[in-house]
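Listed below are the residues making up each chain.
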Amino acid sequence: MPDIKITPLGAGQDVGRSCILLSMGGKNIMLDCGMHMGFNDERRFPDFSYITQEGPLTSYIDCVIISHFHLDHCGALPYMSEMVGYSGPIYMTHPTKAIAPILLEDMRKVSVEKKGDMNFFTSQMIKDCMKKVIAVTLHQSLMVDSEIEIKAYYAGHVLGAAMFWIRVGSQSVVYTGDYNMTPDRHLGAAWIDKCRPDLLISESTYATTIRDSKRCRERDFLKKVHECIDRGGKVLIPVFALGRAQELCILLETYWERMNLKAPVYFALGLTEKANNYYKMFITWTNQKIRKTFVQRNMFDFKHIKPFDRQYIDNPGPMVVFATPGMLHAGLSLQIFKKWAPNENNMVIMPGFCVQGTVGHKILNGAKRVEFENKQIVEVKMSVEYMSFSAHADAKGIMQLIQHCEPKNVMLVHGEAEKMEFLKQKIQQEFNLNCYNPANGETCVINTPVKIPIDVSLPLLKSEAKKFNALPPDPKRRRTLHGVLVMRENSVCLMDVEEACREAGINRHIIRFSSTVHINDTGPALSTAHKLHVFIKENLPQWPVTFAEGEISIESVLVKVEGDENEQKNVYVSWTNQDEDLGSYILNMLNQMGQ
Amino acid sequence: MTAVLKKRALAEYTQTIQETFPSQPIKKLRLVKKTPAGTGNSSLALISCLESSKSSSEALRTLLRVSDTFELEPNDIPEAVKKLSDHFKNEPESAVRVKILSLLSDVGHLLGADVVAIIDETILLLKNDHSHKVIAQGMNTVLKLGKLVPDSAAALHQKLVDIAKGYLKDVSHAVKCKCLEIIGVHAPVCTGAEAEKLMVLVSLYFSNEDARVRSQAFSTIITLHERSFKINPDIYVDVCEALKDDYEIVRQVVLKLVCLLGNTYPENEVLLPGSEHEIRLIDDAFGKVCNAMSDLSIHVRTLAAKLLGTMKLVSAKFLNQTLDKKLMSNMRRKRTAHELAWENVTSGEWASGKKWADDAPREVLDADSINLMSSGACGAFVHGLEDEFLEVRSAAVESLCELSIRNPQFANTSLDFLVDMFNDEIEDVRLKAIDSLRRISEHIILRDDQLETILGALEDFSQDVREGLHRMLASCKMSTTAGLKMCVEKLLDNLKKYPHDKRSTYRCLQRIGAQHPELVLPLVPQLLNIHPFFDTAEPDVENPQYICVLILVLNAAKWSPTIIPLLEPHTLRHYAYISDTMPTLVPVLSLPDSSCNAISRPQTVPESLEFLNNVISNLDMTENTLRVQTTLLQTAKEHLNRLSEIDSSVAGTAQFTSLYIGAQLIMSQILEKGYWLNPATLATQQANNLQTNIKNLLEYCLKLQFFFVGFSPVEECTVKMFRLRALALNLVYIVKGSNASALAPCHHFLTVVEDMQRDLSLAGLEPDGFTAAVFRELSVLEEPKPGTVSRILIPILSEAKLVRIPRPNTQIRMSSAEIVEPTGQTDTSLKFTAGLVMAVRFEAELRHLNDPSRVRLKVKYPDQKTQVILPRPAHLKPWYLDGSDEDSQTGHNLRLLTSVLVSHQVWSEACNVEINVALAIPEADIGKRKASIGATPTLIDLCKPVKVSVAPKPIKRTL
C-alpha cells in the first residue's frame with residue numbers, strides 16, 4: 001500500500017518556524033522553511049539535522065516550496081540553503097520572491113547588528129539563496145522533475161501568499177500555508193478548486209475562533225482609533241512591515257479622507273517604502289476593488305500617511321503610528337511602547353496573533369508591569385486593545401476550505417495543540433475524514449489507495465458509449481467493457497480482443513461450451529424451436545433474442561433443436577467463454593423446464 | 001377609411017401582421033429611392049454558385065458570403081432551400097453541412113418562408129447523417145424554426161418532440177442538449193400521466209455523464225415549468241443531490257430549480273435526512289440556496305444571493321438564521337458587535353431544523369455543541385455581505401431588502417447589517433444599502449446608536465451617497481429627541497461642508513419635521529435660539545442653516561399646534577417670506593393673528609380645467625372677422641399663460657394650447673398682410689419682417705413638436721398638420737421671394753406630405769381642410785417641381801381657415817428645465833488663467849423630456865461664440881419627483897449634474913458667460929433651407945440662460 005509520510009520540523013502543534021517534510025512516491029519535498037520569532041538561540045531554526053547529520057541536504061530533498069514571505073515561513077531559507085547546504089530548486093510566487101529578501105535582510109540587520117548575533121547568514125547568502133528560487137504564477141502547472149508536479153492557488157493572507165498542490169504519481173497533497181477565507185481591504189479570499197487531494201495540510205491558527213463579520217471589526221477599529229484621537233491620545237499599532245500593515249493603512253487612509261481628520265498618521269519607514277512599491281506593482285494579486293480602480297489611482301499611493309521619524313515619539317498631540325515589529329518583541333514598536341505605555345490616554349492596538357514569550361503576548365494577557373532584559377520595568381497604563389485583524393482563516397473558514405477541495409485526509413499544523421484537538425474532532429465528526437496533527441519531529445504515515453492508471457483504446461470506449469446510449473436511459477444500469485488487459489514494459493493498456501490478438505500476432509481461439517438437453521415434444525423440430533423461442537424470450541426480457549433458420553441466438557449463446565418428428569428432441573446449447581454466465585443460465589433454465 | 005380601421009382592429013388580434021399599405025394614389029409623390037441594384041437576388045445567385053464549387057472549402061466560402069449578405073425575395077425561398085438541400089446531400093465535409101443547416105434556419109426566419117416545409121426538409125436531411133456536429137446543428141435549426149410555428153399546431157410540435165426523443169440516443173452531448181431543449185420548448189402542454197412520463201424521461205438525464213447534458217436536463221424542467229407544466233415535487237430530493245455537482249453550470253441551473261420548487265410547493269413537507277423531523281419544502285430549499293452562498297464559483301454565489309430575495313414564503317425562524325453567526329473565541333461564546341448594541345436580540349442556537357434554541361447560550365462552549373459546518377440558512381447573508389465580489393454583495397443587499405420588506409422583525413435585524421454596508425469599499429454597494437434602508441424604513445425605528453453610525457456616513461464625499469442618506473433619513477422614524485437633535489446638528493454641520501446639498505437637506509428636514517412633531521417640540525427654543533427673557537439677534541433669513549431649522553420647525557408646527565405660540569414675531573415674518581419663496585417646502589399654517597395674510601391656496605382645483613375648456617370652446621364658437629378673432633386669440637393666450645402658472649395639473653395643456661394659439665396668430669398675421677404672395681417686391685424692412693416672422697413660425701412648430709410629452713394621436717396630427725401648413729408657406733416664400741434653389745425645400749415638403757399621409761392613416765384621423773386640399777391637388781400633379789407645387793399651394797393657403805384648437809388633454813406636459821446651479825446671483829467673478837480651462841459646477845432639473853439624448857448645454861461667450869456641449873450620459877440621472885414612482889410619470893424627469901468647462905483668452909475685465917440647456921433637433925425644418933445635412937443641428941432653448949461672471953487672467957510670468 002503506498003503511503004505519504006509527513007514530518008513537521010516546525011509548526012507541528014506549534015506556531016512559528018513552519019517547516020514540514022513531505023515524502024511520497026519516493027520524492028522528498030520541504031514545505032516552508034521558517035524561523036521562530038520567540039527564540040534567539042538555535043531553536044529559532046528548524047532542526048535540519050533530522051534530515052541528515054552531516055553535509056548538504058541536496059541529495060535528500062527534491063524541492064523546497066515557500067508559501068509566502070512571512071519570516072516564520074521563509075526565515076530559515078538562507079540558513080538552510082547556504083549554511084547547511086542545499087542547491088536544489090526552491091519555488092515561490094513572484095511577489096514572495098520580490099519581498100522575501102527585503103524582510104530577510106531586515107531581520108538579519110536586527111539580529112546581527114542590534115543583538116550582536118554571531119553565526120548568522122550574511123547579505124550575500126540571502127542573495128545567493130534567492131538565485132536558486134524559481135518563481136511561479138497562480139494556476140501554472142509546473143513539473144519539478146519528471147514526476148513532481150506543483151500548482152499554486154491564491155491564498156489571500158498576504159500579498160503573494162499561495163497554497164500549493166503537489167502531485168507525485170497518483171498521490172497528491174495540498175499545502176495551504178497561511179490563508180484567509182474572508183477578503184479584506186486589499187486582498188481577496190483564498191480559492192481552490194475541487195482538486196480532491198489525498199491529503200490537505202491546513203494551518204489552524206484560529207482553530208477555536210469564529211469571527212464576527214469583518215465590517216464590524218473594521219468599524220470597531222476605526223471607532224477606537226477615532227475616540228483615542230479625540231481625547232488627544234496616541235495610538236500605537238504594532239504591525240509586521242508587510243501584510244496587515246497595508247490593509248490597515250488603506251482602511252485608515254480612506255477613513256481619514258471620508259471623515260476629514262487632521263491628526264497625523266505615521267508609518268515607520270525602513271523597508272515599508274520599498275515594500276509598498278511592490279504592492280503597487282503586483283496589482284493583479286490584490287482584491288477586486290484595487291484591481292479595478294488602480295488605473296485612476298493606485299490605492300497604495302497614500303495621501304494621509306507620512307513617514308515616521310524617531311523624534312516624533314515625544315511630539316505632543318494625537319497621532320497614529322504604525323511600527324514594526326508586530327509582536328512588540330524588539331525594534332521601534334517596542335521603543336515607542338516603552339515611552340507611551342505609562343499614559344492612560346494612549347492606546348495600543350494589537351492587530352494580530354502574538355507568539356508566546358513576546359511582550360505583545362504578555363500585555364494581551366493583561367500584564368500591568370512588563371520587565372525587560374535590562375531589569376527595566378514599564379507600567380502599562382495605556383489601554384490595550386486586540387483587534388483580530390489577523391488574516392488567518394477562522395474555524396469556519398478552515399471547514400469551508402475542506403469542503404471546497406474535498407480531501408481524503410486532513411492534517412492540521414501551525415496552531416496550538418489543544419485548539420487543534422477541537423478542530424480535529426469537528427473534522428472527523430462532520431466530514432467523516434481522518435485528521436492528523438503530528439507534533440514536531442513526529443512522523444505521520446497516511447495510507448493512500450493504490451491507483452493504477454490504464455490506457456483504454458479509444459474505439460473500445462466509443463463502441464461501449466454507443467451501445468450504452470442506444471439503450472433507453474437508465475442511470476442505474478451498470479456499464480461494462482469487454483477487453484483484454486495488455487501489459488507491456490511499463491504501460492498497462494486495455495484493448496479490444498481482436499486488436500490485442502492482432503498486435504500480439506496470435507490467432508484468436510474461441511472456446512465454446514456446448515451441451516445437449518433432451519426434450520420430449522411431438523411435432524416438427526421447428527415448432528419446438530418456436531416454443532423454445534417464446535419461452536426464452538419470456539424469461540429473458542432484457543436481452544435481445546433473435547430467431548433465425550431454426551436457431552435461437554442470445555448474444556453468443558446458440559440454441560438449436562434437432563430430431564425427427566414424434567421423437568425425443570435434442571436441444572443443443574452452445575456458448576462462448578465470455579457469455580459463460582448467460583449460457584449456463586439458459587442451460588439451467590432448459591434443464592429445469594422439463595421438470 | 002372605415003375599412004382601414006376595421007382592418008387595423010382585426011390586425012391587432014392576430015399573430016401575423018402583414019400590412020399592405022392602403023393603395024391611395026400616392027405613386028406620384030413617391031420619391032425616387034435607388035434600390036441597390038441586384039442585391040435582392042444575390043443570395044440566390046450565390047447559392048446557385050454552390051453547384052459549381054469544386055471543393056468543400058470553396059463551398060464553405062460561398063456559404064459564408066451568403067450569410068454575410070443575406071437577402072432573399074419570398075418567391076425565391078423554395079428554390080434556395082432546394083438548392084441548399086441538394087448540395088447538402090452531396091457534401092462530404094461536415095462543416096459545410098453544418099453551415100447549410102444554419103442557413104436553412106436563417107431562411108426560415110425570413111418573411112414568407114414556409115417554416116413547416118423547411119423543418120421537414122431538415123429532418124429528412126438529417127436522417128442519413130452520422131456527424132454529431134451536423135445533427136446538433138440540425139436539431140438547433142429545428143428548435144429555432146419550431147418556435148416560429150404557433151403553439152396551436154400541436155401535432156407538429158409533438159412530431160418534433162418525437163424526433164428529438166429519437167436523437168437522444170446519440171452519443172454526443174451537443175445533440176443530447178439540443179434534443180432536451182427541443183423537448184422543453186416544444187412539448188405540447190399536457191397533464192397527468194403523459195406529463196409525468198415526459199418528466200421522468202428528462203429526469204433520467206439528471207445524472208448523465210456529461211455536465212452539459214445534466215445542466216440542460218435541469219433547465220428543460222425549468223422551461224417546462226414556465227410553460228405551465230406541473231412538476232412533481234418528488235424530484236426535489238434528486239435535484240438537491242445535484243447541488244453537489246462538480247460543474248458550476250449544473251449547480252447554477254439546479255439552484256434555480258430548487259428555488260422554483262420551493263416557491264411552487266412551499267407547504268410540502270420534506271423529511272430531514274437523519275431524523276424524523278419534517279420541515280416545509282420552502283424552508284429546506286431556502287437552506288439549500290443559503291448553502292450555495294459559500295460556493296466555489298462566484299456565478300453560483302451571485303445567483304444564490306439573487307434567488308434568496310425571491311423566496312418570500314420562508315418561515316421567520318429560518319430567515320432570522322441567515323443573519324446569525326455564532327461567534328466564539330478560544331472556545332468562549334462571544335457576542336457580535338450587533339448583539340452587544342442590541343441587548344434584546346434573541347440569541348439562539350443555530351437551528352438546522354433539528355433543534356432550535358434547545359440549548360441556551362453559555363459562556364464556555366461545550367465542544368460537542370458546536371456545529372461548524374451547520375447545514376441550513378445559518379449566516380448566509382453574513383457571508384454574502386462580506387463576499388469578495390461586489391456582484392455577490394450587491395445581490396445580497398438587494399435580497400436582504402426584498403425579504404425585509406415583507407417581514408418587520410427581520411427588517412429590524414437586518415438594519416445593523418445594512419448599516420454596516422455603508423462602510424463598503426464600493427460606492428454602488430453603499431448606495432444600494434442606503435436605498436434598501438430607505439425602502440424598509442417603514443418597519444424601522446432607529447435607535448440613537450444606530451442613527452449615530454448612519455450619520456457617520458453623511459460625511460461621504462460622494463453626493464449620491466449623501467443625497468441617498470437624506471432621502472433615507474427623511475423616511476425613517478427616530479426614537480428620541482436626543483437622536484433627532486443629533487441628526488439635525490449633523491445635517492447642519494454637513495451643510496456647511498457641502499453647500500451644494502442645500503435643496504436635498506431642505507427636503508430631508510421637511511419630512512423629518514412633519515414626521516416627528518412631538519420630538520421637535522422640546523427642541524424648538526434651542527434650535528431657534530429663543531431665550532426666555534432676552535431678545536436674541538434676528539438671524540439672517542438667507543442663511544441656509546437657519547432656513548433648514550425653520551423648515552424643520554414649521555413642518556412640525558403643522559402637526560403640533562403648541563409650537564406656534566413659542567415662535568418669536570420675526571420667525572413668523574420669516575415664515576411669510578419662506579412660504580412665498582419656497583412654497584413646496586413649508587406647509588400652510590393657520591397663524592393666530594393675521595399679521596400676514598396668507599391665502600390658503602390649494603395646489604389644484606377642478607375649476608381650472610373647466611376654465612380651460614371654456615376658453616377654448618369660446619374660441620371655437622365665434623365665427624367673427626379675422627380682427628376680432630385675433631384679439632380673442634390674443635386674450636385667450638394670456639389667460640392660458642396665467643393659468644399655467646397657477647395650476648400645475650393643467651399647466652402642460654394650457655401651455656400647449658397657448659403656444660398653438662401663438663403660432664396661429666403669427667400665421668394669420670403673415671397671411672393677412674399678404675406680403676408672402678410677392679415678397680420680391682417688398683422693401684428691405686418688410687422683407688426682413690416677413691423673413692423673421694416665418695422663422696418664428698417654424699420655431700413655434702418645432703416647439704410644439706418637441707417640447708411636449710403625453711400627446712394623443714389627435715394632438716400629434718394637429719401639430720403636424722399645422723407644421724405642414726407652415727412649411728407650405730415657407731416653400732411659397734422661398735420660391736417667390738428668393739433666388740435660392742427651392743429644390744431641397746420642395747423635396748422636404750413632399751416628404752413631409754408623404755409622412756403626413758401615413759401618420760393620418762395610422763392614427764385613423766381625417767385630414768383638416770388644408771391638408772386634404774394639399775393631398776388632393778398634389779395627387780393629380782404630374783411632376784413635382786418647386787414652381788408648380790408652390791402655384792398649387794398659394795390658393796390653398798390663402799383660402800384655408802384657421803383650424804380648431806384641440807381639446808385640452810391633461811396628460812400633456814411641457815418640457816422644462818430649471819438651472820439650480822450656478823444661480824447667477826453671485827457678485828464675485830470666477831478667475832482663471834487665460835487659455836486654460838475652468839470647471840463650473842452645473843446642476844439643472846429637467847422635467848418631462850421627450851428624449852434625453854437631445855439635451856445639450858449651450859455656452860455663449862461675450863464675443864458671441866457659442867459652444868454646444870453634449871452632456872455625458874452618466875451625468876444625466878433619472879430623478880423622481882416626491883412620491884412619484886417610475887411608472888406614474890410622463891416623459892423623462894432628469895437631473896443633470898455636471899461641470900461645464902469654460903475657457904477663453906485674456907479679457908480686460910470680467911464678463912458674463914451665458915449657460916443654458918437646450919434641445920438639439922437635427923431634423924429641424926429651419927436648417928433645411930439649403931440642403932446642408934451636415935450643418936449644425938437646430939437648438940431650442942429649454943430655459944433662460946444663467947449668467948456666470950468670468951475673468952480670464954493673463955498668465956503671470958514671474959520667476
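All figures in this text were calculated on a predicted structure; none of them were measured in a lab. (Residues numbered from 1 in each chain as written. Chains lettered and ligands numbered in written order. Predicted model: local features only at pLDDT ≥ 70, side-chain atom pairs only at ≥ 80, totals over all residues. Heavy atoms only, no water.)

**What to know about the overall build of chain B**
The number of helices and strands found in chain B is 37 helices and 18 strands. Counting the 959 residues in chain B, one finds 50% classified as buried. For chain B, restricting intrachain contacts to residue pairs at least 6 apart in sequence, the fraction spanning at least 24 positions comes to 74%. When the accessible surface of chain B is summed, it comes to about 46600 Å², and 53% of that surface belongs to carbon and sulfur atoms. (Helix = DSSP H or I, 4+ residues; strand = E, 2+ residues; numbered from the N terminus. Buried < 20%, exposed > 50% of the residue type's maximum accessible area, 1.4 Å probe, protein only. Contact = heavy atoms within 4.5 Å. Areas by Shrake-Rupley, 256 points an atom, 1.4 Å probe, with all protein chains shown as cover.)

**Looking at the overall build of chain A**
Along chain A, the regular secondary structure elements total 16 helices and 30 strands. Computed over C-alpha atoms, the radius of gyration of chain A comes to 35 Å, more than 25% over the 25 Å expected from 2.2 N^0.38 for 595 residues, which places it beyond the range of a compact globule. For chain A, buried positions account for 54% of its 595 residues. Surface accessibility of chain A: about 26300 Å² in total, with carbon and sulfur atoms responsible for 50%. (Rg over C-alpha atoms; globule rule 2.2 N^0.38 Å.)

**Looking at the sheet that holds strand 15 (residues 319-323) of chain A**
All names here are of chain A. As summarised here, the arrangement of the six strands in space is 14-13-15-12-16-19, forming an open sheet in which the pairing is parallel. Pairing within the sheet leaves two strands with one partner each, and these edge strands are strand 14 (305-308) and strand 19 (383-386). Taking each pair of neighbouring strands and ignoring which way they run, the sheet shows an average axis angle of 25 degrees. Relative to strand 16 (residues 347-350), strand 12 (residues 234-238) is paired through two bridges, and the arrangement is parallel. Bridging from a neighbouring strand, V235 pairs with M347 of strand 16. Packing of helix 9 (residues 331-340) onto the sheet brings it into contact with strand 12, strand 13 (265-268), strand 14 and strand 15, and relative to strand 12 it is tilted by some 150 degrees. (Pairing = 2+ DSSP bridges. Axes fitted to C-alpha atoms, helices over the stretch in contact; angles between N-to-C directions.)

**Quick word on unusual backbone geometry**
Comment: phi is negative for the bulk of residues other than glycine, and the bulk of peptide bonds are trans. The peptide bond linking E821(B) to P822(B) adopts the cis configuration, its omega dihedral lying at -5 degrees. The residue P822(B) is located in the loop between strand 9 (816-821) and strand 10 (830-833) in this model. Phi is positive for H139(A), close to 65 degrees, though the residue is something other than glycine. Position of H139(A) relative to the elements: it lies in the loop between strand 6 (133-136) and strand 7 (141-143). Phi at H848(B) is positive, roughly 50 degrees, even though this residue is not glycine. With respect to the helices and strands, H848(B) occurs in strand 11 (residues 837-849).

**Quick notes on helix 36 (residues 769-779) of chain B**
Within helix 36 of chain B, the full set of buried residues consists of F770(B), T771(B), A773(B), V774(B), F775(B) and L778(B). On the buried face of helix 36 of chain B, the contacting elements are helix 34 (713-737), helix 35 (743-763) and helix 37 (786-799) of chain B.

**Considerations on the UniProt feature "domain: Metallo-beta-lactamase" (unreviewed entry) in chain A**
UniProt feature "domain: Metallo-beta-lactamase" (unreviewed entry): in the numbering of this structure it lies at residues 16-210 of chain A. What you have in residues 16-210 of chain A is 22% helix and 25% strand, and the ends, taken at the C-alpha atoms, are 22 Å apart. (UniProt positions renumbered as here; feature names shortened; annotations may be inferred.)

**A closer look at the environment of E82(A)**
Residue and element names in this part refer to chain A. Mapped onto the fold, E82 is located in helix 2 (residues 77-85). Not counting residues within four places of it along the chain, the set of residues in contact with E82 comprises M125, D128, C129 and K132. Separated by 2.9 Å, the side chains of E82 and S81 make a polar contact. Within the structure, the side chain of E82 is placed 2.9 Å from the side chain of K132, a separation counted as a polar contact. (Polar contact = N/O pair within 3.5 Å; in protein donor to acceptor, adjacent residues only side chain to side chain.)

**Some points on the packing of aromatic side chains**
By the definition in use, this model includes 22 aromatic pairs over all chains. Relative to F218(B), the ring of F206(B) lies with its centre 4.2 Å away and its plane at 20 degrees, an arrangement referred to as stacked. Taken together, the positions of F206(B) in the loop between helix 10 (192-203) and helix 11 (211-226) and F218(B) in helix 11 put the pair 12 residues apart, joining distant regions of the chain. A residue is classified by how much of its surface remains accessible, and F218(B), at 0% relative accessible area, is buried. Here the aromatic residues F45(A), F48(A), Y79(A), F120(A) and F121(A) are joined through ring pairs into a cluster of three or more. Stacked on the ring of F468(A), the Lys or Arg R479(A) has its end atom at 3.9 Å from the ring centre. Sitting above the plane of the Y498(B) ring, R466(B) keeps its charged end 3.6 Å from the centroid. (Phe/Tyr/Trp six-rings, centres within 6.5 Å; stacked < 30°, edge-to-face > 60°. Lys NZ or Arg CZ within 6 Å of the ring centre and 35° of its normal.)

**Overview of the packing of helix 14 (residues 281-291) of chain B against helix 15 (residues 298-308) of chain B**
Residue and element names in this part refer to chain B. Contact pair helix 14 / helix 15: the axes reach a minimum separation of 8 Å and the direction vectors enclose 145 degrees. By crossing handedness, the relation of helix 14 to helix 15 is classed as left-handed. Residues F286, V289 and C290 of helix 14 lie in contact with helix 15, whose contacting residues are A304, L307 and L308. Looking at side-chain class alone, the contact of helix 14 with helix 15 contains six nonpolar, no polar and no charged residues. (Left-handed = near helix turned anticlockwise from the far one by under 90°. Nonpolar A, V, L, I, M, F, W, Y, C, P; charged D, E, K, R; others polar.)

**A look at the interface of chain B and chain A**
Each partner contributes residues to the interface: chain B has 59 residues there, and chain A has 50 residues. Buried area between chain B and chain A, summed over both chains or domains, comes out near 4800 Å², and the portion from carbon and sulfur atoms is 50%. At the boundary of chain B and chain A, one finds three salt bridges. Note that R479(A) and E209(B) form a salt bridge whose closest N and O atoms lie 2.6 Å from each other. Counting across the chain B and chain A interface gives 11 residue pairs in polar contact (both at pLDDT 80 or more). When contributions to the side of chain B that touches chain A are tallied by element, the ones reaching two or more residues are strand 3 (327-329), helix 17 (337-341), helix 18 (380-385), helix 19 (390-406), helix 20 (408-421) and helix 22 (448-456) of chain B. Classifying every residue of the side of chain B that touches chain A gives 24 nonpolar, 11 polar and 24 charged. (Buried area = accessible area lost by both parts, 1.4 Å probe. Salt bridge = Lys/Arg side-chain N within 4 Å of Asp/Glu carboxyl O.)

**Details of the nonpolar core**
Counting residues in hydrophobic clusters, the biggest one holds 181 residues, and the most contacted among them are L437(B), M472(B), L473(B) and I512(B). The element contributing the most residues to this core is helix 28 (residues 544-559) of chain B, with 11 residues. Look past the residues within four positions of M472(B) in its chain and what remains in contact with it is F422(B), I434(B), L437(B), R438(B), L446(B) and I454(B). Counting residues in each nonpolar core, the second largest holds 132 residues, with F48(A), A98(A), L142(A) and I210(A) among its members. (Core = buried A, V, L, I, M, F, W, Y, C linked by side-chain atoms within 4.5 Å.)

**Let's talk about the pattern of salt bridges**
Two side chains with opposite charge may pair up if their charged atoms get near one another. Within this structure, the stated rule accounts for 57 salt bridges over all chains. In this structure, the salt-bridge partner of E149(A) is R167(A), at a minimum N-O distance of 2.7 Å. Here E149(A) is found in strand 8 (residues 148-154), whereas its partner R167(A) is found in strand 9 (residues 162-168), with 18 residues between them in sequence. With a relative accessible area of 14%, E149(A) lands in the buried category. Residues R280(B) and D283(B) are paired through a salt bridge, measuring 3.5 Å at the closest nitrogen-oxygen approach. The exposure class assigned to D283(B) is buried, which follows from its relative accessible area of 3%.

**Section: the sheet that holds strand 29 (residues 557-562) of chain A**
Residues and elements named next belong to chain A. On the basis of which strands lie adjacent, the open sheet formed by five strands has the order 26-30-29-28-27 and antiparallel pairing. Two strands in the sheet have a free side with no partner beyond their single neighbour: strand 26 (512-520) and strand 27 (545-548). Within this sheet the neighbouring strands show an average axis-to-axis angle of 20 degrees, counted without direction. Bridge count for strand 28 (residues 551-554) against strand 29 is four bridges, and the pairing is antiparallel. Across the sheet, the residue bridging to S553 is L558, located in strand 29.

**What about a nonpolar patch on the surface?**
Residue and element names in this part refer to chain A. On the surface, V450, I452, I454, L485 and M487 cluster together to form a nonpolar patch covering roughly 530 Å² of accessible area. Considering the arrangement of structural elements, one finds L485 in strand 24 (residues 484-487). Relative accessible area serves as the criterion here: at 47%, L485 is assigned to the partly exposed category. (Patch = residues over 30% accessible without salt bridge, like charges linked within 9 Å, V, L, I, M, F, W, Y side chains within 5 Å.)

**Describing the packing of helix 2 of chain A against helix 4 (residues 123-131) of chain A**
Any two packed helices are characterised by the angle at which their axes cross and by the distance between the axes. Residue and element names in this part refer to chain A. The geometry of helix 2 relative to helix 4 is characterised by a closest axis approach of 9 Å and an angle of 90 degrees between their N-to-C directions. Between helix 2 and helix 4, the crossing angle belongs to the class labelled roughly perpendicular. Together, L77, P78, S81, E82 and M83 of helix 2 and M125, I126, D128 and C129 of helix 4 make up the contact between the two elements. Taken together, the residues of the contact of helix 2 with helix 4 sort by class into six nonpolar, one polar and two charged. (Parallel < 35°, antiparallel > 145°, perpendicular 65-115°, else oblique.)

**Remarks on the state of the cysteines**
By the definition in use, this model includes zero disulfides over all chains. Lacking any disulfide linkage, C493(A) is separated from the closest cysteine sulfur, that of C501(A), by 14 Å. Here C476(B) stays unpaired: no disulfide links it, and the sulfur of C487(B), its closest cysteine neighbor, is 9.3 Å away. Residue class for C476(B) comes out buried when judged on its relative accessible area of 1%. (Disulfide = S-S within 2.5 Å.)

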